[in-house]
Structure formats: C-alpha cells, structure tokens
Amino acid sequence: MIQVEDLTKRYGARTAIDRLTFHANKGEIVGFLGPNGAGKTTTMRILTGFMPPSEGSGRVAGFDLLTESLEVRKRVGYLPESVPLYPEMTVVQYLDFMAELRQIPNRADRVDEVMEMVRIDDRAESYIGNLSKGLRQRVGLAQALLHKPEVLIMDEPMDGLDPQQQKEVKALIREIGKEQTVMLSTHILAHAQELCNRVIIIAGGRIVAEDTPERLSTQIAGGGRIHLQVDGDSDGLVEALRAISGVVDVRRVASDRFEIETAPGTDGRAKIAHAVVTGGWRLLELHRDKASLEEIFLELTKDEKDAQASVALPKKSNQRST
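Thresholds applied
- Residues numbered from 1 in each chain as written.
- Predicted model: local features only at pLDDT ≥ 70, side-chain atom pairs only at ≥ 80, totals over all residues.
- Heavy atoms only, no water.
- Phe/Tyr/Trp six-rings, centres within 6.5 Å; stacked < 30°, edge-to-face > 60°.
- Buried < 20%, exposed > 50% of the residue type's maximum accessible area, 1.4 Å probe, protein only.
- Pairing = 2+ DSSP bridges.
- Helix = DSSP H or I, 4+ residues; strand = E, 2+ residues; numbered from the N terminus.
- Arc of directions from axis to C-beta.
- Axes fitted to C-alpha atoms, helices over the stretch in contact; angles between N-to-C directions.
- Contact = heavy atoms within 4.5 Å.

A. Highlighting the packing of aromatic side chains. In total, this model carries three aromatic pairs according to the counting rule given. Centre to centre, the rings of Tyr86 and Tyr94 are 6.1 Å apart; their planes meet at 55°, and the pair counts as tilted. Residue classification places Tyr94 among the buried residues on the basis of a relative accessible area of 2%. An aromatic cluster of three or more residues is present, and its members are Tyr86, Tyr94 and Phe97.

Next up, the structure:
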C-alpha cells in the first residue's frame, strides 16, 4: 500500500507539489489526475524512489521512502510515461536483462510468463527499435511486472495503444488490482472512470478532490437532471411532479418522457417514484444524469487554467512545464 503525509517537492523557488497527503490500499486501483504541470509525474517519481521529497514522509509497501528507499524499489513496479528501452535489444533479451538485474529466480520462465501476460510473446525475437509505440509500451509494462511488485505505479499506461490493446491492458490492470496496489495517471479520463476505485485530482501541486468517481459526480452535479418515462396516459403528471419538494422544473420531451430539474444537493428520485406510483401512473424508467469524470476534472481545475491563462508569457518563449 501507499501512505504519504505532507509530501512536498521544491525546485529552487518553485513548489512542484505542496503537502500532499493521500493513501492507496492493497487491492485498490487509484487514478491520479491533473493538468500538465500539476505535479503528477513528480509525485510518482518520489513514490518509486527516483527522487527524494523536499519535505514530508511516506511509506510504500510498508517501507519508508527516505530511510528504506532500496526496499521500496524492490517492491514497486514502475511504468514511466517515456519508457526507457534499449532499441538494439530484442524483447526477450531486454526482459531477461531486466530480470537478471532484479535477481529474479527462474528468470527465463518469468520472462515467458510476463510476455504472454501483456500479449508480446509473438514478438519476443523482434528488435525493440523496430516495434510500434504501442508494442514498446507493452514491453515497458512487462518489465514493470517482472518481479511481481506489491505496488504498481503507471504514468499514462495506455499511451500509444490501439483500442484492442487498451482493452487488454485494462483487463490486466483490473486483475492486478484485485491483489496489489495500483496507482495510475491518465489523460483519458474515461479510462480512469472505468478502471479506478478512487481518483485523486491534483491542481497546482495540491489535491483538490479525492473520492470515488460516483461520489465526485454527485458532489459536482448536485441534484441535476432526472429522466422519467411512464407507460401510457400521463395526464396530470407534470403538475404532480412540480408539486414535489426540491423539483425546480419539469419539461415534457415526449408524450411519455419527462426531464425533471432538481435543486442542488438534492436527490428527488425516491419522491418522484412515490408520486408516480401512488398517482396511478405506470413507471418504466427513472434515472439521473451524472457528471462525467471529464466534467468533474474541468470543474475542479478551472481556477488553475484561468490563472495560467492570465499570465502573459514572453514572446517566443520555449518554457516547458514539468
């Protein structure tokens, strides 16, 4: 598992991450989301022992990030955004080399196992430099899994994969996440919504939200819009719905379909269902619109985007965010 408190990283006068406190449990897939330059990659590099924090503390797989960094690295699998591979090696040569570095017993068997796991076994003798970006990404994932890590950290794991490859990798991540701790960042928010038990949204180096996608959706959407469908006669239903406490507006979109706006912070589905049934109408469908993870992300990070837009950059600037 992962447990950090007040994790801070400074580069000179600039603070990349500012007092981050969060956790990720065993058997949990946690999404780490934020705009470019928010501090996601910096945090992941600290968690994998690549660099130390400026302040704060943390434990990964039960070991201290600062005093037991080597033990942490033994137990963490890391897939960085840009996978460091050796293009002059074949896939099997590279994975065997990485297995030897990690002193993995029966390494030939384990290499075969992970190649099959990530569906790269048919390219075992191919030179890495001749592979597509998606296939190189799968080689990187294979090396991250070689030593059966207790914690798997992935920065944009599906970058460059085609839809079928994404489907296979998502299935693999779900399987790994049943027993291990998985933390991933992705700019494809639908993937995070589909995969993650919980998401952490970071902006400006600080956590702005942390919860399940479903709970965040409720918080952002408020009451939102409820869709109702009845069977047959709906005379008088609009008036009955408008009389319900918390209902702001009712709009008939078809003879048997209605859109109901409710006040923020309310969920009127139970009252609406009760009014429909007791009023003698036959209820066919009742559901509420939910804010997508993309809408949640944009809502929670809009202040940072506005602040960035208000800063005038020098002409012909080549500044890059990290």
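B. Structural context of the sheet that holds strand β1 (residues 2-11). Pairing is antiparallel across the open sheet formed by four strands, whose spatial order is β2-β1-β4-β5. Only two strands of the sheet have a single neighbouring strand rather than two, namely β2 (14-24) and β5 (63-64). Where β1 and β2 come together, seven bridges link them in antiparallel fashion. Within β2, the position partnered with Tyr11 by the bridge is Arg14.

C. Representation of helix α1 (residues 40-47) in the model. Most of α1 is tucked away, with six of its eight residues classed as buried. The complete set of buried residues in α1 reads Lys40, Thr42, Thr43, Met44, Ile46 and Leu47. Positioned one or two residues after α1, Gly49 has a phi angle of 80°, which is positive.

D. Representation of helix α10 (residues 269-278) in the model. Listing the buried residues of α10 in full gives Ile272, Ala275 and Val276. End-on, the buried residues of α10 take up no more than an arc of 95°, which puts them together on one face. Residues of α10 that are exposed and angled more than 90 degrees away from the buried face: Ala270, His274, Val277 and Thr278. Positioned one or two residues after α10, Gly280 has a phi angle of 90°, which is positive.

E. Up close: the pairing of strand β3 (residues 28-33). Counting buried residues along β3, six of its six residues qualify, which places the element largely inside the surrounding structure. Judged from the four bridges that link them, β3 and strand β9 (residues 198-203) form a sheet pairing that is parallel. The residue of β9 that forms the bridge with Gly31 is Val199.

F. Representation of the sheet that holds strand β6 (residues 76-79). Overall, mixed pairing links the six strands, which are arranged β6-β7-β8-β3-β9-β10 in an open sheet. Sheet topology places β6 and β10 (206-211) at the edges, where each strand pairs with a single neighbour. Shown here is a sheet whose adjacent strand axes are inclined to one another by a mean of 15°, direction ignored. In terms of strand pairing, strand β7 (residues 151-155) meets strand β8 (residues 181-185) through five bridges, oriented parallel. Opposite Met154, over in β8, you have Leu184 as the bridge partner. Sitting on the sheet, helix α5 (residues 133-145) touches β6 and β7, and the angle it makes with β6 is about 170°.

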